[in-house]
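Each chain is listed here by its residues.
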Amino acid sequence: MAASNRNTAYDFSLFESSAAPKQRPGKKKNIIRIPEEQLEINRRKHYRPTTVIATFLLFAITASVLATMIYSQVRLTELTEQINAANKQLEESKSITTQLEMKVEAKLSLREVEEYAQNTLGMTKTEASQIHYIQLSEGDKEEVVETEEQRSFLDKLSDMLSGLLP
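What counts and what doesn't
Residues numbered from 1 in each chain as written. Predicted model: local features only at pLDDT ≥ 70, side-chain atom pairs only at ≥ 80, totals over all residues. Heavy atoms only, no water. Helix = DSSP H or I, 4+ residues; strand = E, 2+ residues; numbered from the N terminus. Buried < 20%, exposed > 50% of the residue type's maximum accessible area, 1.4 Å probe, protein only. Salt bridge = Lys/Arg side-chain N within 4 Å of Asp/Glu carboxyl O. Patch = residues over 30% accessible without salt bridge, like charges linked within 9 Å, V, L, I, M, F, W, Y side chains within 5 Å. Areas by Shrake-Rupley, 256 points an atom, 1.4 Å probe, with all protein chains shown as cover. Polar contact = N/O pair within 3.5 Å; in protein donor to acceptor, adjacent residues only side chain to side chain. pLDDT = per-residue confidence, 0-100.

Attention shifts here to the overall build of the protein chain. Tallying secondary structure elements over the protein chain gives four helices and zero strands in all. Evaluated residue by residue, the protein chain yields a buried proportion of 1% over its 166 residues.

Further remarks concern the pattern of salt bridges. Throughout the structure, instances matching the rule amount to three salt bridges. Note that Arg43 is salt-bridged to Glu40, the shortest N-O span being 3.5 Å. Here Arg43 pairs with Glu40, and both are found in helix α1 (residues 36–43), just three residues apart, close to one helical turn. Judged by its relative accessible area of 57%, Arg43 is exposed. Residue Glu40 is classed as partly exposed on the basis of its relative accessible area, which comes to 42%.

Attention now moves to a nonpolar patch on the surface. On the surface, a cluster of nonpolar side chains totalling about 610 Å² of accessible area is made up of Ile53, Phe56, Leu57, Ile61, Val65 and Met69. Looking at the element boundaries, Leu57 is found in helix α2 (residues 49–107).

Structurally, Ser64 can be placed in helix α2. A polar contact is formed between the side chain of Ser64 and the backbone oxygen of Ile61, at a distance of 2.8 Å.

Further remarks concern the confidence of the model for the protein chain. The predicted coordinates of low-pLDDT regions are not to be read in fine detail. Put simply, the protein chain has an average pLDDT of 82, and 83% of its residues get 70 or more. When mean pLDDT is taken per element in the protein chain, α2 scores highest with 95 and α1 scores lowest with 81.

Shown next, in the form of structure tokens:
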């Protein structure tokens, strides 16, 4: 048929099924009969012990890493809250310190101290006639007062050894 119809692009006769499949002579059919119970046993999935243990260990490691990460995040959050509270308290303390310093400066200004000294204590400012200068013309002298009895044995020994050395 392919030779008679040369105008067609494809030869579909190659894909047509033949009437009867050809069997090879001398070849037996390879069919094995297995009871239903044996089929059920064979159909079940068999797990290897090493695979089960490895899977369990992998799951345990993953769970522990996840739990550690969650715990560390919770701890980090708690510490951040503590730091924020401490910073807030520090800022409040600085503010109170500044207020108290301003009050102290207001109470202890030079003008206030002068007025207190003049009015309450009766003090006056120094005048030029009240200033006396002291002069030391002789210079400084030093005297060592130490008797032989007060010296220790080690002092005497060091003096003796220093006298022997040139």
